[in-house]
Amino acid sequence: MNAALRQTLSPARKPCGALRVQIAEEVCDLRCSGALWLPAYRTLIAADLHLEKGSAFAARGQLLPPYDSRATLDRLEAEIAELNPDTVILLGDSFHDARAIARMTADDRARLDRLAAGRDWLWLEGNHDREALAQRGADTRLPGAVVGDISLGALRLTHEPEPLSAGDNRHGEVAGHLHPSARVVAYGRGVRRPCFITDGSRLILPAFGAFTGGLSVRDPAIADLFAREPLIAALGRERIHALAWEKLSGDR
């Protein structure tokens, strides 16, 4: 990490393995789960859960193990149990398609109710779940509220990041949508991991869902969002690994 970026981010390692950085001068903890914790606001943020992706593939004859929603909610529940947030914000594409909420098991739907109890729970609309959230009703009841882009201190929370040409709209932007991942080669082996990516002005979260896959941070859809070389914060089992841009492999 170059000196200018280090000064902007002021990175610090937390005992839990999270990496604390500053985005638009707001303190942000990048968690090993792929979630973002804002301690000043006691707010937990996760992007791109894509619940019921497995059942969507099954409906098209492409069989995947039908446990993605359970595995994703396990991870979310663990974060809530550890942090006890006042607010949970899901940054869009929480559901994989328009019928995903209806396909959820009764147990998983009840689990969402339990997780949301006693706290503010906000769903941002994404391109995958806009229709699902708009159609929710008696048969697809969800806890919490559906919202558009929202501001929290100096941060602007949205689903899809603005292009670099958007200028000031980028400052303080926290987004998902792109499922960033990074490939690192060490000791003759290559490893691909979901990651956060930030230049201190904007932050893109990794996908939180179990079956979400990832897009290389070197793909122009991600790389072109940053005017200077950003920090890559790759998810590890016990810690976030801070990686300099030049240390990544050149895959696209």
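Residues numbered from 1 in each chain as written. Predicted model: local features only at pLDDT ≥ 70, side-chain atom pairs only at ≥ 80, totals over all residues. Heavy atoms only, no water.

Peer 1: I tried to follow the environment of histidine 177 on my own but got confused; where do I start?
Peer 2: Residue position: histidine 177 is located in the loop between strand 11 (173-175) and strand 12 (180-186). For histidine 177 and alanine 207, which are 30 residues apart along the polypeptide, the C-alpha to C-alpha distance reads 7.6 Å. Those residues in contact with histidine 177, other than ones at most four positions away along the chain, are Asp48, Asp93, Asn127, His159, Glu160 and Pro161. (Helix = DSSP H or I, 4+ residues; strand = E, 2+ residues; numbered from the N terminus. Contact = heavy atoms within 4.5 Å.)

Peer 1: Looking at this structure, I do not really get the packing of aromatic side chains. What am I missing?
Peer 2: Each pair of aromatic rings is reported with the distance of its centres and the angle of its planes. Counted according to the given criterion, the structure contains 2 aromatic pairs. Geometrically, the ring pair formed by phenylalanine 95 and tryptophan 123 is tilted, given 5.2 Å between the ring centres and 35 degrees between the ring planes. Taken together, the positions of phenylalanine 95 in the loop between strand 6 (87-90) and helix 4 (100-103) and tryptophan 123 in strand 7 (residues 120-124) put the pair 28 residues apart, joining distant regions of the chain. Like phenylalanine 95, the residue tryptophan 123 is buried in the burial classification. Above the face of the phenylalanine 208 ring, arginine 75 is positioned so that its terminal group lies 4.3 Å from the ring centre. The residue whose ring lies beneath arginine 202 is phenylalanine 226, and the NZ or CZ to ring-centre distance is 6.0 Å. (Phe/Tyr/Trp six-rings, centres within 6.5 Å; stacked < 30°, edge-to-face > 60°. Buried < 20%, exposed > 50% of the residue type's maximum accessible area, 1.4 Å probe, protein only. Lys NZ or Arg CZ within 6 Å of the ring centre and 35° of its normal.)

On their own, these measurements won't tell you what the molecule is for.
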